[in-house]
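# Structural description and commentary
Each chain, letter by letter, is given below.
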Amino acid sequence: MNIGDVASRSGLPAKTIRYYEDIGLIKPRRSDNGYRCFAETDLHKLAFLGRARALGFTIEDCRTLLALYEDESRASADVKQLAQEHLDKINIKIADLEAMRDTLSELVTCCAGDNRPECPILRDLSQPPETGE
């Protein structure tokens with residue numbers, strides 16, 4: 001398969017596929033004229049990487065996951081640990097976003113939104129950040 005074929009079948013842009021090759025995540029063979037020739041195994045790896053990236057794994061996490069996937073003597077505990085660490089980070093981000101939403105929602109509720117210049121949103125934004133002490 002050429003890069004257009006594998007891009008179409010994997011759902012990844014050709015630019016992403018080239019990037020994955022540049023950083024060593026995939027290694028398609030090259031034809032005599034220098035064109036990339038992708039095998040089914042390359043397509044499978046690209047689909048794997050696309051799914052992992054869609055779940056928010058970093059490139060380095062993807063590198064580790066791919067190595068674990070290819071290692072038949074792997075321990076599933078290693079995969080679970082990596083996934084759990086990623087899930088923990090996602091949960092922290094969700095908690096941060098929920099706190100932001102709650103604060104902004106309260107500010108929007110408190111703002112009259114009329115012709116007066118008084119605005120609790122601007123007042124809050126102008127306050128120095130809390131230091132947590």
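The name an unreviewed UniProt entry gives the protein chain is HTH-type transcriptional regulator, with Phaeobacter piscinae as the organism. Recorded in UniProt for the protein chain, the comment headed Subcellular location (unreviewed entry) runs: "Cytoplasm".

## Considering the overall build of the protein chain
Regarding its fold elements, the protein chain presents six helices and two strands. Reading the secondary structure of the protein chain in the N-to-C direction produces α-α-β-β-α-α-α-α. Its C-alpha radius of gyration of 23 Å places the protein chain more than 25% over the 14 Å reference for a compact globule of 133 residues. Seen along its three principal axes, the alpha-carbon backbone of the protein chain occupies a region of about 75 × 40 × 20 Å. Per-residue burial over the protein chain gives 23% buried out of 133 residues. The long-range share in the protein chain, meaning contacts at least 24 apart out of those at least 6 apart in sequence, stands at 41%.

## Structural notes on the UniProt feature "coiled-coil region" (unreviewed entry) in the protein chain
Feature annotation in UniProt places "coiled-coil region" (unreviewed entry) on residues 80-107, given in this structure's numbering. Measuring from the first to the last C-alpha atom of residues 80-107 gives 40 Å, for a span that is 100% helix and 0% strand.

## What to know about the pattern of salt bridges
Inspection of every chain in the model, using the stated rule, returns eight salt bridges. The closest approach of N and O atoms between Glu21 and Arg36, which form a salt bridge, is 2.4 Å. Of this pair, Glu21 sits in helix α2 (residues 14-22) while Arg36 sits in strand β2 (residues 36-37), placing them 15 residues apart in sequence. Residue classification places Glu21 among the buried positions, given a relative accessible area of 17%. Its salt-bridge partner being Arg101, residue Asp102 comes within 3.7 Å of it at the nearest N-O pair. Linked by salt bridges that have partners in common, Glu21, Arg30 and Arg36 make up one network.

## Concerning the UniProt feature "domain: HTH merR-type" (unreviewed entry) in the protein chain
Here the UniProt-annotated "domain: HTH merR-type" (unreviewed entry) positions come out as residues 1-68. Each end of residues 1-68 is marked by a C-alpha atom, and these two atoms are 26 Å apart; helix forms 62% of the span and strand 6%.

## Here's the deal with the side chain of Arg36
A distance of 2.4 Å separates the side chain of Arg36 from the side chain of Glu21, its partner in a polar contact. Once you skip the residues sitting within four places of it in the chain, Arg36 turns out to touch Met1, Asn2, Ile3, Arg18, Glu21, Pro28, Arg29 and Arg30.

## What to know about the packing of helix α3 (residues 40-54) against helix α4 (residues 59-70)
Here α3 crosses α4 at 135 degrees, and the two axes come no closer than 10 Å. Relative to α4, the element α3 is oriented oblique. Handedness of the α3/α4 crossing: right-handed. For the pair α3 and α4, contact is made by His44, Lys45, Phe48, Leu49, Ala52 and Arg53 and by Ile59, Cys62, Leu65, Leu66, Tyr69 and Glu70, respectively.

Criteria and thresholds
Residues numbered from 1 in each chain as written. Predicted model: local features only at pLDDT ≥ 70, side-chain atom pairs only at ≥ 80, totals over all residues. Heavy atoms only, no water. UniProt positions renumbered as here; feature names shortened; annotations may be inferred. Helix = DSSP H or I, 4+ residues; strand = E, 2+ residues; numbered from the N terminus. Rg over C-alpha atoms; globule rule 2.2 N^0.38 Å. Buried < 20%, exposed > 50% of the residue type's maximum accessible area, 1.4 Å probe, protein only. Contact = heavy atoms within 4.5 Å. Salt bridge = Lys/Arg side-chain N within 4 Å of Asp/Glu carboxyl O. Polar contact = N/O pair within 3.5 Å; in protein donor to acceptor, adjacent residues only side chain to side chain. Axes fitted to C-alpha atoms, helices over the stretch in contact; angles between N-to-C directions. Parallel < 35°, antiparallel > 145°, perpendicular 65-115°, else oblique. Left-handed = near helix turned anticlockwise from the far one by under 90°.

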